[in-house]
Amino acid sequence: MNKIPIIKAASDRSIIIEFGNGISEQAHGHIVRFSNILLDSHSNDIKNISPAYNSILVRLEDGITISHMLKSIKNIFEDKANIKDLSANTIKIPVCYESEYAPDIERVMKYTRFSKDTIIKKHVSAQYLVYFLGFSPGFPYIGGMDKSLETPRLGSPRTKVPAGSVAIGGKQTGIYPMQSPGGWNIIGRTHLNLFEWSDIENMPIKMGCKIEFYSISKDELLNAENS
Amino acid sequence: MSLTILKSGFQDLIQDLGRTGYSHIGISQAGAADSVSLRIANLLLGNNINEAGIEITLFGGSYYFNKDAIISLSGSVFRTTINNKTIPFLEPISIKKGQTLNIGPTNDGARCYLVIKGSLEVPNLLGSRSTHLMSNAGGYYGRNLTKDDEIKFSNDNNKTFSNDIKFRVDKDRSILRVTKGLQSNLFNDSSMKLFYNNEFKVSHNSNRMGLRVTGPKIYNKTSEDIITEGLPLGAIQVTGNGDSIISFVDHQTTGGYPKIANIIAADLHKVGQLKPGDKFIFKLVSLEEAENLYFEQERALKI
């Protein structure tokens, strides 16, 4: 990369690596690369990392000093061998947008003044990027939603959002991999199993992958759920 | 070999030192709220410091042993008896097959730890036995222990006890030391003064994910959220309403509120002992001092 990011202590047991001030695909590319390097080659020094839109938080292993870790992170960025191209997978996600699985689509219709068909058409025609996973296990932070679909979050969050719910929250769209509380507008449901505790290496959605949605009927959803 | 819950406490959870290595896929570390006390309980029995124990919050229950065991209790002192005889904390205790350990309330802090010499036979999920309640995972079926739950244990540890732990728990929780938070520059001088010169009180709306503390309302210069980023353990986030939240062991991996300060690692065990209604002030220290205090604590916990 052409510019060394800002590397500094975030607390007495963590370091943050900052890649610019905004959300960009370029910063995202660096974050995917350097996250992989940290996970592959520095696991003895770190407890875990949290990549995000424009930063990586590195939590230090017990006994590792801030100064030691600052030095090894700087070394990673100075090593040109660490610059590699990424290949991003595209994951196609089937979504049933029928009203039974879309309790908030009317709310989205009200805010956007689009018909249901237009909302679905706009939601399936964009290509999305998974910036990172965070918040709860396997929850993807997805960028790329058509701005005209923007709808504010619910006034008060639901205590239980079913697993597989596809939703719009403000400027973002997302998928709930497991049942959890949530305040986004639910517009559909996928049957894809997006998070499995016993098989986390093979989760379909990973940081850096591309996502496309396509519309399926209720029958197709039910058949897929039963097969 | 097992113990059975005859009556559960307010919140009995299986915890070890946490699930590391998976934060990048959104998995919270979890682990003992007062990890220092869990380590001490394990050291007293010659266990590995990362063995899982039962974390008991506010008041405990009744635990029936169907096999002889050696146990230890640590953390805040809860009224604890076997056959109506009071049991001391911080030493190995022998409990016989057929006896029941009764753990009552406490006048001390929020939590105590019950550890068995050997190990609890609870499934290892991604390297840890810790329970994470929000994702219903880890520990005992991802939940609080309740009546009739049976926890198997093995007595596979023949090591001798260690009674020479140098660490002395400081029970004064009226001052929590912090370092500057990542967004402390978003707060002006008068906000900073409000934050450091006033008492805060732990709200009832607190749990292992975060402690909501009530005190002066703190506003930042822009009153905007930040771009979501990784959340350090002990980060003090300030919401748009001016409320302060201490992110704690079960915290979400990322967050979007500005962070005004961060509890130092050496004081995190005190946060694990705070109860609703407890009052304290935040005291700013340098990063160097915080790191020195952390390494001092680590040395004192080694035998």
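What you see is a predicted model, and the numbers here were worked out from it, not measured in a lab.

Reading the values: the criteria
- Residues numbered from 1 in each chain as written.
- Chains lettered and ligands numbered in written order.
- Predicted model: local features only at pLDDT ≥ 70, side-chain atom pairs only at ≥ 80, totals over all residues.
- Helix = DSSP H or I, 4+ residues; strand = E, 2+ residues; numbered from the N terminus.
- Rg over C-alpha atoms; globule rule 2.2 N^0.38 Å.
- Contact = placed C-beta atoms within 7 Å.
- Domains from an automatic or database assignment.
- Pairing = 2+ DSSP bridges.
- Axes fitted to C-alpha atoms, helices over the stretch in contact; angles between N-to-C directions.
- Core = buried A, V, L, I, M, F, W, Y, C linked by C-beta atoms within 7 Å.
- Buried ≥ 20, exposed ≤ 12 C-beta atoms within 10 Å, placed from the backbone.
- Nonpolar A, V, L, I, M, F, W, Y, C, P; charged D, E, K, R; others polar.

Things to note about the overall build of chain B
Alright, step 1. In terms of regular secondary structure, chain B is built from 4 helices and 21 strands.
Alright, step 2. For 303 residues, the compact-globule estimate of 2.2 N^0.38 gives 19 Å, and chain B sits close to it at 20 Å.
Alright, step 3. For chain B, the spread of C-alpha atoms along the three principal axes comes to 60 × 35 × 30 Å.
Alright, step 4. Pairs at least 24 apart in sequence give 76% of the contacts found in chain B among residues at least 6 apart.

Observations regarding the domain arrangement of chain A
Residue and element names in this part refer to chain A.
Alright, step 1. For chain A, the domain assignment lists domain 1 (6–82) and domain 2 (90–226).
Alright, step 2. Between domain 1 and domain 2, the C-alpha centre-to-centre distance is 30 Å.
Alright, step 3. Across the boundary between the two partners, domain 1 contributes 9 residues, which contact 7 residues of domain 2.
Alright, step 4. Of all the secondary-structure elements, those providing two or more residues to the side of domain 1 that touches domain 2 are helix 1 (25–41) and strand 3 (46–51).
Alright, step 5. Of all the elements, helix 1 adds the most residues to the side of domain 1 that touches domain 2, at 4 residues.

Some remarks on the sheet that holds strand 10 (residues 111–116) of chain B
Residue and element names in this part refer to chain B.
Alright, step 1. A sheet is described by the order of its strands in space; here 5 strands give the open sequence 2-3-10-5-8, paired in antiparallel fashion. Of all the strands in the sheet, the pair left with one neighbour each is strand 2 (11–15) and strand 8 (93–95). When the angles between neighbouring strand axes are averaged without regard to direction, this sheet yields 30 degrees.
Alright, step 2. Looking at chain direction, strand 2 and strand 3 (residues 53–57) are connected through 5 bridges and run antiparallel. By the bridge assignment for strand 3, Gln15 is matched with Gly53.
Alright, step 3. Relative to strand 5 (residues 69–75), helix 1 (residues 35–44) is tilted by about 150 degrees, and along the sheet it contacts strand 2, strand 3, strand 5 and strand 10.

Focus on the nonpolar core
Across soluble globular proteins, nonpolar side chains have a tendency to be buried as a group.
Alright, step 1. By size, the foremost hydrophobic cluster in this structure holds 70 residues, and its most contacted members are Tyr113, Leu211, Ile246 and Val271 of chain B.
Alright, step 2. Looking at this core, the element that brings in the most residues is helix 1 of chain B, giving 6 residues.
Alright, step 3. When neighbours within four sequence positions are excluded, Val271 of chain B is seen to be in contact with Leu176, Leu211, Gly234, Ile246, Phe248 and Ile263 of chain B.
Alright, step 4. Within the second largest apolar cluster, 60 residues are counted, among which are Met69, Tyr97 and Tyr141 of chain A together with Ile27 of chain B.

As for the interface of chain A and chain B
Alright, step 1. Taken together, the contact pairs 37 residues of chain A with 33 residues of chain B.
Alright, step 2. Looking at the side of chain A that touches chain B, the elements that each hand over two or more residues are strand 1 (6–11), strand 2 (14–18), helix 1, strand 3 and strand 4 (55–60) of chain A.
Alright, step 3. It is strand 3 of chain A that provides the largest number of residues to the side of chain A that touches chain B, a total of 5 residues.
Alright, step 4. Among the residues making up the side of chain A that touches chain B, the classes are represented as 20 nonpolar, 12 polar and 5 charged.

Digging into the environment of Pro232 of chain B
Alright, step 1. Residue placement: Pro232 of chain B occurs in the loop between strand 16 (229–230) and strand 17 (235–238).
Alright, step 2. When the C-alpha atoms of Pro232 of chain B and Thr160 of chain B are compared, they prove to be 37 Å apart, with 72 residues separating the residues in sequence.
Alright, step 3. What Pro232 of chain B contacts, discounting residues up to four positions off in sequence, is Ala10, Ser11, Ser14, Leu57 and Arg59 of chain A together with Asn262 of chain B.

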